[in-house]
Amino acid sequence: FLLRIINFATFTVVARQVDMVEMGSIGLAWSMLYFVEAFTSGGLSTVCIQHETSNLRTKSTFFWLNFCFGLLGLLLMHALGGFGAIFLDHLNFQKVATFIGLIYLLRMVGVAHKSSLIRDQEQGKLTVLTLISAVLSGVVGIYLAFMGLGIWAILWRIGIESALKTIMAI
């Protein structure tokens, strides 16, 4: 509940500083990411959490599989961004899509570690690291929005949040 309040408040403040056309382009880029995410991840987290045994080899395999899917997602987002840039050239759509692909890669790198925390019933630790990353990235996102970065403030906020979650989970 607290995470939703933090994210809503941060997004509301940042979104007020962004042009509506830019918001539309970021919405389109996120839609592309959801397509890529459905294509690459395929619900592997559930398999890892529910796997009957969890040893170092299983965890390592799951990590590298997610890393490879993250790289594939990054490449797909870069390619889709190039295709979308044909129609939305004036918005630097290629850069936005590639940055979102990097965010996806960061998230995929942390999936194995977060799944291990869930499997080990460490929801308290997961909650704390999620709240810390949301607050810190929210402060940075609001600062960048007031500095005039537009949609990049939102992207940097999400990127920082993803990086912090991954680093703290590791």
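Here, every reference points to the structure presented above.
Residue positions are counted from 1 within each chain, in the order its sequence is given. Local features in this predicted model are restricted to residues whose pLDDT is 70 or higher, and side-chain atom pairs enter the listing and the counts only when it is 80 or higher, whereas totals over whole chains, interfaces and linings include all residues. Calculated side-chain values reflect all of the structure's heavy atoms, with hydrogen atoms and water omitted.

**Focus: helix α6 (residues 123-146)**
So the rule is basically this: Under the scheme used here, helices are H or I runs from DSSP no shorter than 4 residues and strands are E runs no shorter than 2 residues, and both carry numbers assigned from the N terminus. An expected span of 1.5 Å times one less than the residue number is assigned to each helix. To sort residues, take the accessible area from a 1.4 Å probe on protein chains only and compare it with the maximum for the residue type: under 20% means buried, over 50% means exposed, and anything in between is partly exposed. Residue contacts follow a heavy-atom distance rule, with two residues in contact if any of their heavy atoms lie within 4.5 Å.
When the terminal C-alpha atoms of α6 are compared, their 34 Å separation across 24 residues agrees well with the 34 Å that a helix rising 1.5 Å per residue should span. Taken together, the buried positions of α6 are occupied by Leu-126, Leu-129, Thr-130, Ser-133, Ala-134, Ser-137, Gly-138, Gly-141, Leu-144 and Ala-145. Tucked into the core, α6 has its buried residues touching α1 (2-15), α5 (93-119) and α7 (151-169). Immediately downstream of α6, the backbone of Gly-148 shows phi near 90 degrees, a positive value.

**Brief notes about the packing of α1 against α6**
Note the threshold: Interaxial angle, 0 to 180 degrees, is taken between N-to-C directions of lines fitted to C-alpha atoms, where a helix line uses only the stretch in contact. Roughly parallel here means an angle under 35 degrees, roughly antiparallel means over 145, roughly perpendicular means 65 to 115, and every remaining angle is called oblique. The nonpolar class holds Ala, Val, Leu, Ile, Met, Phe, Trp, Tyr, Cys and Pro. Asp, Glu, Lys and Arg form the charged class, and all remaining residues, Gly among them, are polar.
Put simply, α1 and α6 touch, their axes get as near as 9 Å, and they point 10 degrees apart. Accordingly, the angle class assigned to the pair α1 and α6 is roughly parallel. Facing α1, whose interface residues are Leu-2, Leu-3, Ile-6, Asn-7, Thr-10, Val-13 and Val-14, α6 presents Thr-130, Leu-131, Ala-134, Val-135, Gly-138, Gly-141, Ile-142, Ala-145 and Phe-146. Here the contact of α1 with α6 is built from residues that sort into 11 nonpolar, five polar and no charged.

**Looking at the pattern of salt bridges**
As a reminder of what qualifies: Take a side-chain nitrogen of Lys or Arg and a carboxyl oxygen of Asp or Glu: if they are within 4 Å of each other, that pair is a salt bridge.
Taken as a whole, this structure holds two salt bridges when the rule is applied. Linking Arg-157 and Glu-161 is a salt bridge whose minimum nitrogen-to-oxygen distance equals 2.7 Å. Of the two residues, Arg-157 and Glu-161 both sit in helix α7, four residues apart, roughly one turn of that helix. Close ionic contact of Lys-165 with Glu-161 constitutes a salt bridge, the shortest N to O distance being 3.9 Å. One end of the pair is Lys-165 and the other is Glu-161, both in helix α7 and four residues apart, which spans about a single turn. A relative accessible area of 8% means that Glu-161 is categorised as buried. Each of the salt bridges in this network shares a partner with another, and the network as a whole consists of Arg-157, Glu-161 and Lys-165.

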